[in-house]
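# Breakdown of the fold
Spelled out from the first residue to the last, the chains are:
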Amino acid sequence: MKLSIEGLKDKAAWEAAGISIPDYDIESVRAKTKEAPEWVHFGAGNIFRGFIGGIADTLIGKGELTTGIIASDSFDGEIIDRIYEPFDMLTLSVGLKSDGNSIKAVTAGIADAVKADKDHLDTLLEIASKESLKMISFTITEKGYQCTDISGDTLPFIDADITAGPDAPSTALGVVTSMLYARFKAGAAKIALVSMDNCSQNGKKLRDGVLFMARKWEKRGFVTEGFVDYVSDESVVAFPWSMIDKITPRPDESIAKELKDLGVENMDPIITGRNTYIAPFVNAEIPEYLVIEDSFPNGRPPLENAGVYMTDRDTVNKAEKMKVMTCLNPLHTALAITGCLLGYKKISDEMNDEDLKKLVYKLGEEGMPVVISPGIISPEDFIKEVLEERLPNPYLPDTPQRIATDTSQKLAIRFGETVRGYAQKGEEDKMRIIPFVLAAWLRYLIGVDDEGREMLLSSDPMLDVLRDALEGITLGDTDTDMSGVNWILSKEELFGINIFDTDDLGGKIKRHFLEMLEGPGAVRRALSNLVNS
């Protein structure tokens, strides 16, 4: 069996393999998409293909959407060359159950793919100019919205787009702002720009980034003040907030082998030149949540009929905080950091480690006092599912190394908001687990695991700056200069709060950090002492 439009014609073979395939006219959907596009998405990676593309596929299958999504990517066009085009934009989704079974389905919700580069910009501008376009969504990771560094200086690649103007942008923010300018010149039709990234107030981050670019272009004379007014008016150009949740690990070789054994050809995962791990299939957990603020000035697909919660901004914000502050993301980060230090390669294996299991259970308990229920999802039920079903799932090939990526960009919401909540109550002294996790992150940045072996650190835009601040601190040296640690802990940009503005939280973190520097095995001892006391 080949994952292609032609290959899907052998329906009996796919059915015999236990893989469902679309029962609608894929070519018809693609023709309608080209004629009257409704949905463009930036960020062509795994969560988009395995979750968001599946939403479109579901609605098309129900007859409630007649067009598919046009995928685009400004970061890694190799994805389109090697995964999208050779497989006719199709995705083989593999939902991994905790009992070892899986749900396999080919989805065709993605109708086309266009690189967001100088050679294909005109195509994107033409799409943006069509009044039929209702939404542009994004999964470009939190750092994709960042325009300035920790010192407030414009990032070099953003500065390059500011200089190049709307005719030659290279970043997602630059390209989408150029698309909006083309739309403005074509009649200023309404549209929604929907960040579906796993970060707090993602709609605000997207809006801030787009307006940053638009205003810089106006100052340089590339665009008019009227365009900035157009982008600024949320009744015309809306930036709905959202909360997304679905664990979508890198494609696993064992899944590829299983698919090959079923007779599906060419399932090998690849690693692109930009270090993207991707395959013709997407392996992911079954649970999935998407909550979106219902603000779509030009209309929208009936997303609620594919399981999406459509609600107001306040509810989205509460759902996001519930997940990101307490019920999932802090637990993930804690397991990622400590898992790397202790030599683990799978999150599920960590949940068989009694010390680590106690760590995340206690971390969840520590966050609960500052959680406000969003109403549509119960925090207690959500975290129970996370701790008892999702994180321990042995068939979900997720790694602490993947989750440790970009940790500096995640701390402010995953821990800073809870710290702020405790500080507002004057109860900072009650926090025991968060100080340990933040100390473990500092220990992780030393680049040596708990056995004293050099450890490869996951990518992070702040990695060089942070490691420079910790230069000279080594395992076994507890009588060391802590000025770099003090500098890091004082950075509100990192934690959402100056740690030293709280009652002795900085002191707790430093004491845990020094405890973990005592020598080989010190991380394990500190962890065990904490969770068993």
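A quick note: this is a predicted structure, and the numbers were derived from the prediction, not measured. (Residues numbered from 1 in each chain as written. Predicted model: local features only at pLDDT ≥ 70, side-chain atom pairs only at ≥ 80, totals over all residues. Heavy atoms only, no water.)

### Re empty space enclosed by the protein
Going through the model one piece at a time under the given rule, you end up with 4 cavities of 30 Å³ or more. Roughly 50 Å³ of internal volume is contained in the largest cavity. Surrounding the largest cavity, Met 325, Thr 326, Pro 330, Leu 363, Gly 364, Gly 367, Arg 414, Phe 415, Thr 418 and Ile 434 form its lining. Elements that contribute at least two residues to the lining of the largest cavity include exactly helix H11 (313–327), helix H14 (354–367) and helix H17 (411–424). Empty space within the second largest cavity amounts to approximately 40 Å³. Lining the second largest cavity are Ile 247, His 332, Ile 347, Ser 348, Arg 390, Leu 391, Asn 393, Leu 396 and Asp 398. Looking at the lining of the second largest cavity residue by residue, the class counts come to 4 nonpolar, 3 polar and 2 charged. (1 Å grid on protein atoms, 1.4 Å probe; cavity = no way out; pocket = protein on both sides within 12 Å on 5 of 7 lines; lining within 4 Å. Points joined across faces, edges and corners; volume = space filled by probe spheres on them. Helix = DSSP H or I, 4+ residues; strand = E, 2+ residues; numbered from the N terminus. Nonpolar A, V, L, I, M, F, W, Y, C, P; charged D, E, K, R; others polar.)

### Observations concerning the sheet that holds strand E9 (residues 237–238)
The strand order E6-E3-E2-E7-E8-E9 describes an open sheet built from 6 strands, whose pairing is parallel. At either end of the open sheet lies a strand with only one pairing partner, and these are strand E6 (110–115) and E9. Its contacts with the sheet place helix H8 (residues 202–219) against strand E7 (135–138) and strand E8 (191–195), and it is angled at close to 115° to E8. (Pairing = 2+ DSSP bridges. Contact = heavy atoms within 4.5 Å. Axes fitted to C-alpha atoms, helices over the stretch in contact; angles between N-to-C directions.)

### Thoughts on the sheet that holds strand E14 (residues 289–293)
Strand-to-strand pairing in sheets goes through backbone hydrogen bonds, with the strands running parallel or antiparallel. If you walk across this open sheet you meet the 3 strands as E10-E14-E15, and the pairing is mixed. Unpaired on one side and paired on the other, strand E10 (242–245) and strand E15 (309–311) mark the two borders of the sheet. Taken pair by pair, the neighbouring strands of this sheet meet at an average axis angle of 15°, ignoring direction. Of the strands in this sheet, E10, E14 and E15 touch H11, which is tilted by about 35° from E10.

### Some words on helix H7 (residues 172–185)
Helix length check: H7, at 14 residues, gives a terminal C-alpha distance of 20 Å against a target of 20 Å (1.5 Å per residue), a fit within 8%. Listed as buried for H7 are Ala 172, Leu 173, Gly 174, Val 175, Val 176, Thr 177, Ser 178, Met 179, Leu 180, Tyr 181, Ala 182 and Arg 183. Backbone geometry just after H7 places Gly 187 at a positive phi near 135°. (Expected span 1.5 Å × (residues − 1). Buried < 20%, exposed > 50% of the residue type's maximum accessible area, 1.4 Å probe, protein only.)

### A look at the nonpolar core
If you look at the biggest cluster of nonpolar residues, it comprises 81 residues, and the most contacted ones within it are Leu 359, Trp 441, Leu 442, Tyr 444, Phe 495 and Phe 513. Sort the elements by how many residues they give to this core and helix H18 (residues 433–445) lands first, with 11 residues. Core analysis: the second largest hydrophobic core is formed by 60 residues, Tyr 24, Met 89, Ile 247 and Phe 296 among them. (Core = buried A, V, L, I, M, F, W, Y, C linked by side-chain atoms within 4.5 Å.)

### A closer look at the layout of surface pockets
Taken as a whole, the second largest pocket holds about 910 Å³ of empty space. Lining of the second largest pocket is provided by 28 residues; of these, Glu 142, Lys 205, Gln 409, Ala 412 and Glu 493 occupy positions nearest its centre. Sorting the residues of the lining of the second largest pocket by element identifies H8, H17 and helix H21 (492–495) as the ones contributing at least two each. Counting residues per element, the lining of the second largest pocket draws most heavily on H8, at 5 residues. Among the residues forming the lining of the second largest pocket, the class breakdown is 9 nonpolar, 8 polar and 11 charged.

### A few points about the pattern of salt bridges
Throughout the structure, instances matching the rule amount to 26 salt bridges. Note that Glu 258 is salt-bridged to Lys 104, the shortest N-O span being 2.9 Å. With Glu 258 in helix H10 (residues 253–261) and Lys 104 in strand E5 (residues 102–107), the pair connects residues that are 154 residues apart, well separated along the chain. The exposure class assigned to Glu 258 is partly exposed, which follows from its relative accessible area of 32%. A single network of salt bridges, built from pairs that share partners, joins Arg 207, Glu 234, Glu 293 and Arg 313. (Salt bridge = Lys/Arg side-chain N within 4 Å of Asp/Glu carboxyl O.)

### Considerations on the pairing of E7
Side-chain alternation along E7 places Met 135 and Ser 137 on one buried face and Ile 136 and Phe 138 on a second face that is also buried. Where strand E2 (residues 39–42) meets E7, 4 bridges bridge the pair, whose relative direction is parallel. Bridge pairing in E7 places Phe 42 opposite Phe 138. Where E7 meets E8, 4 bridges bridge the pair, whose relative direction is parallel. What sits directly across from Ile 136, in E8, is Leu 193.

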